[in-house]
Structures are given as structure tokens and as C-alpha cells.
Amino acid sequence: MTYQVLARRLRPQRFADVVGQDHVTRTLQAAIAAGRVAHAFLFTGPRGVGKTTTARLLAKALNCERGPTPEPCNACSNCKEIGEGSAFDVLEIDGASHTQVDKMRDLMETVAHLPLKSRFKVFIIDEVHMLSSHSFNALLKTLEEPPPHVKFIFATTEPHKVLATVVSRCQRYDLRRIGLGELRAHLRRTVDAERLALSDEALALVAREAEGSLRDAQSLLEQVLTVVGSGADDAAVRQVLGAADRRLVVAVADAILAGDPGACVRHLAELHAHGYDAQRFCRDLLEHFRHLAVLAATGERALMAELPEAEVDALAAQAGRRSADDLQRFFRLLLEADEALAAPARSVDPKLVLEMCAVRLATLPPLLPLDDILRRLEAFGAGNPAASGGAVRESAPRARGAAPGGLWDRFLARVQEEKLVAPYMMLLSGTLLAADGEALRIGIENEAARRELSRKETLQRLRAIASEVAGRELRVEVGPLPSEHAAQAPLAQARRRTEETLADPMVQAAVEIFGAEVRGVRDRRR
């Protein structure tokens, strides 16, 4: 007997056997049961998820001798012939071989002919997006008003290439990629039914490599069984599939999080020695850091339900070592490396690209939270070195000689409470020159700030606040800062501190590195 591959031998014969497409099969069954079956269907989705299989099942359900029925009997002659691909009334056509308009016209001429023995004549056109625009136009009139005995079922992986006028005449069903957990469960049922011995880790590896395609998963499983037999261990399965050991992915990620570039290079050398593909490993790292970023941002292990429990434990342990912002930054840099590895004109050794990406990730300093940075900048601006490590300075500067809680402090606090933002910021840069019984005299170094504060409306507001705080009538006078106070003015102090900071060798080195990064980004955009 001729050998049949798993993908053909295990092709679903009932709607209940279709994996991961319940939203489609339930709707089709409900339409058949209610007698509200459309004349044209469009099944879309990635490769290997069941588009053609679902089309054949729909044809069987409509033409079953016991139907139309929500579930074909698979016992009558119509069901058997459709399942074997020998039914005269079910025409399965490859869109790529009917790109010529004459072939489509010839096909449409057969639409008027009644079915030979079945209830409906069903036209299944696979990869319908391959039809030319003229072929689509030849199809349109028949598709809009077909005879009552005709059903059209289209399948495509690229629905955006199908004419909108065709899509609008069909009921569209989007088949999704099959989840990792569903694929693993189906593969487990398959190997158990075939009496094979494969570990859960090996099946998880096959499911991950299939990328949501059941047909790919079955083909990979058969490839593994053909090469290493039914008792394959996990290492043998990885070798056949050319996939990197997940422990190596975890080890490289661990070295990156620990800031150990040497360990990264050693692990990647081991990867290269085993002949693993650099771009494939880069995408494994992308997926790993995506999981880490999600766990760090949400803390919900339930979002990783499709992964093996041991892998989720390892991810949870690593996610707590860096902030979510850091992990998202790592993901973006890995994405850049993946784009460089995928470039068609790439001339650099992929091993070097991956190594330098890992080294860069391992040497990146952690990002500081924005609130922490702002607190440190405020402390630095106040001239308080001790506070720049994280302490927060007082909300308002105090005049020289003024006691805590004095008139100047209370005046500034009241201005801030009144939400006079611009005057408050200008007063912060000023100096209290005198506070006698009649006036509050303020020295402002900046001429523009002096003019703004000297406006009539502003002075009236400030006078009212000063009088309220002092408990007596008090004027507010704004003038230039005397020369003896200029050296102690906040702006002058801030300028000196800025100059001292920029003169620091470490700061200069950081500025040079940042400039190089900016120039690199600009060059890449060009």
C-alpha cells in the first residue's frame, strides 16, 4: 500500500476534528442547520491552518446523502468520493493554474450544468488571489447571481490581493494561527494514537517551530520520526529541526541581564559551534525578551499559559531583575539586529552581528525611573550634593538670613498655591533683598523676568498675597540684583554648577557616546 504522510492521513473528516477554528466551524454548522447557507464563501488565513480542509468539509456537509447536515456522515458515497477527491460535482481548482481569462470563462460555462448526482455543484478555488484581474472580472457576474445548485468556496493566504468586488459577494471567514497549547495537545494525541514515545519538551519544540501551522507541525513531526525514530530524545529532536536549545536562550538572556558580555560571547560561540542559525537564534531571543517584558509590566503568569511551566518559572525569575522599560529597550535593539540579519544585501558575518548586539545589551546601564531623575535634577539645581542621590529639596528656596517658615517662604508657598506658575518660577530665581515694615524688596537678575513681574496686574496680585501673608499692608518691589548679591544668585550658581558638570571627564565621555549614537541613528535613517 502506498504510504501517506501524517498531514494527509490525519486530515479531519468532521468539523469536530478541525483544530483551533471553532469560531468558523460552529458558524458554518449553525448556518447549515438553519438552512441559511450562502452561495459564496471566502476562507482566509496563514498556511496550514485548515482552509482547504474546511472547504471540503463544507462541501461534504452540503452534499451528504443525509443532509444538508451540520456534520457529514462519512459513510455515504458522496462523502467518500469528496473525501477521496474523486467527486464529479466538487471541482477543486488551483488559482495559479487559472490565471488566464479564457480558462475562467470555460469554467463559468459549466456552472449552468446541473450536478450529476449531488445536491450542489461546489467550486473550490484554492489560492484565489493568484487569479488575474481579468479572471476575477469573468467570475463576477456568475458570483453575484449564481444558479441555486452552485456554491463557490475560495481559499487564500493573501486576502488583500483579492478584488474588493469579489470579497463583497462572499461570506468571509478568517482562520487564525493555532495556539501553541492547542498544537502541543494535538501532537500529543497524534503520537499517543500512533504509539510513539516523545517527551512533552520535544513536542513543545515541534509546536514552536511550526509557528501556528498544523500542517507544518505534522510535517516536522514526521521528519523527526523518520530521522531518529519513535524513541527520539530532546537533543535529537533539536538537532533534526535545527533549533537552538532553550537552555542556551535562557543562558544568553541571563548573561545579558547580569551585565556579563564575556558569558554572552562564550554562549554564542557554543551556538556557532553547533551550527545553529544566527537569525533564528536572534528571533528566539526576541520572543524570550517579549515574554520578559510582558511579565515585568503585568506580573500575570496566566499570559504565559501556553508555555511549559518550567519555562514560565525561569522567565518569572529573570523578569524581576530589570525594569519593564529596560526589557522593552532590549527588545527594540534585538529587533534592529534581526532587521540587519534579514537584510538581503548583508555582507557581514551574522555571527558578528549577533555577538555585538548581545555585548551591547550586556553593557547597557539600567534606565533610571523618570521620577528619580527629576528628583536628582531638582536636588542638583538646589546645590545640594547629598540630596542629588535621591533626596528631594525644599519646595521653595530660603533667603539668606531668613529663618524656616519666615515671610519669604510663606509668600512663595502662597504664590504657588494660587497657581501663579510663571511668577512663581521667576520669584524662585530671585533673591529677597529686604523685608521691612512697608515693602518686600526682591532682586531679579534676569531683565525679562523683572519686566514681567513689574507689570501692574502682576504686582497687584503679589501685593495682595504679601499683605495676606504678613497680616498687614505690604508693597512688593521688584528691581535689579545688586552686584554684591549677583555671585550668590540662583541663576549664577546654576551656571557655575552646569559649567563644572560639563567639565567633568565622565560627563564629556557620555556626551561623546550619545552624540555617536545620534549620528548612527541619523545615518541608518538615511
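To be clear, the structure that these remarks concern was listed above.
Being a predicted model, the structure only gives us computed values, none of them experimental. Here the residue index of a chain counts from 1 through its sequence in written order. For a predicted model such as this one, the threshold for reporting local features is a pLDDT of at least 70, and the threshold for listing and counting side-chain atom pairs is 80 or more; totals across whole chains, interfaces and linings nevertheless cover every residue. Side-chain measures here rest on the full set of heavy atoms in the structure, leaving out hydrogens and waters.

## Some remarks on unusual backbone geometry
Its identity as a non-glycine residue notwithstanding, Asn 74 has a phi of 60°, on the positive side. Using a relative accessible area of 26% as the deciding quantity, one classes Asn 74 as partly exposed. With a phi close to 50°, Glu 127 is a non-glycine residue in the positive phi region. A run of DSSP states H or I qualifies as a helix once it reaches four residues; a run of E qualifies as a strand once it reaches two. Both are numbered from the N-terminal end. Looking at where Glu 127 falls in the secondary structure, it is placed in the loop between strand 3 (121-126) and helix 6 (133-144). Per-residue accessibility, obtained with a 1.4 Å probe over protein chains only, is compared with the maximum for each type, and a residue is labelled buried under 20%, exposed over 50%, and partly exposed between these values. Note on Glu 127: relative accessible area 22%, which makes it partly exposed.

## A short note on the packing of helix 12 (residues 246-258) against helix 14 (residues 278-298)
Axis definition: a line fit to C-alpha positions, over the contact stretch in the case of helices; interaxial angles, taken between N-to-C directions, run 0 to 180 degrees. Where helix 12 meets helix 14, the axes come as close as 10 Å, and the angle between the chain directions of the two elements is 65°. By crossing handedness, the relation of helix 12 to helix 14 is classed as right-handed. On helix 14, the residues that touch Arg 246, Leu 248, Val 249, Val 250, Val 252, Ala 253, Ile 256 and Leu 257 of helix 12 are Phe 281, Asp 284, Leu 285, Glu 287, His 288, Phe 289 and Leu 292. Partitioned by chemical class, the residues of the contact of helix 12 with helix 14 number 11 nonpolar, one polar and three charged. Crossings are assigned a handedness: left-handed for a near helix turned anticlockwise from the far helix by less than a right angle, right-handed for a clockwise turn. Any pair of residues with heavy atoms lying within 4.5 Å of one another is described as a contacting pair. Under the grouping applied here, Gly and all other residues not named as nonpolar or charged are polar, the nonpolar ones being Ala, Val, Leu, Ile, Met, Phe, Trp, Tyr, Cys and Pro and the charged ones Asp, Glu, Lys and Arg.

## Digging into the sheet that holds strand 8 (residues 475-480)
Ordered by their spatial adjacency, three strands build an open sheet running 6-7-8, and the pairing between neighbours is mixed. Two strands close off the open sheet at either side, each with one partner strand: strand 6 (431-435) and strand 8. The mean inter-strand angle of the sheet, taken between neighbouring strand axes irrespective of direction, is 25°. In the packing of helix 22 (residues 456-470) onto the sheet, the strands contacted are strand 7 (439-444) and strand 8, and the crossing angle to strand 8 comes to about 125°. Two strands form a pair only when DSSP identifies at least two bridges running between them.

## Quick notes on the pairing of strand 1 (residues 40-44)
Among the five residues of strand 1, five are classified as buried, and the element is accordingly described as predominantly covered. The side-chain alternation of strand 1 yields two buried faces, one formed by Ala 40, Leu 42 and Thr 44 and the other by Phe 41 and Phe 43. For strand 1 and strand 4 (residues 150-156), the ladder comprises five bridges, and the chain directions are parallel. Bridge pairing in strand 4 places Phe 41 opposite Ile 153. Summarising the sheet, strand 1 and strand 5 (residues 171-174) pair through four bridges and their orientation is parallel. Across the sheet, Phe 43 pairs through a bridge with Tyr 173, a residue of strand 5.

Taken by themselves, the reported measurements are silent on function.
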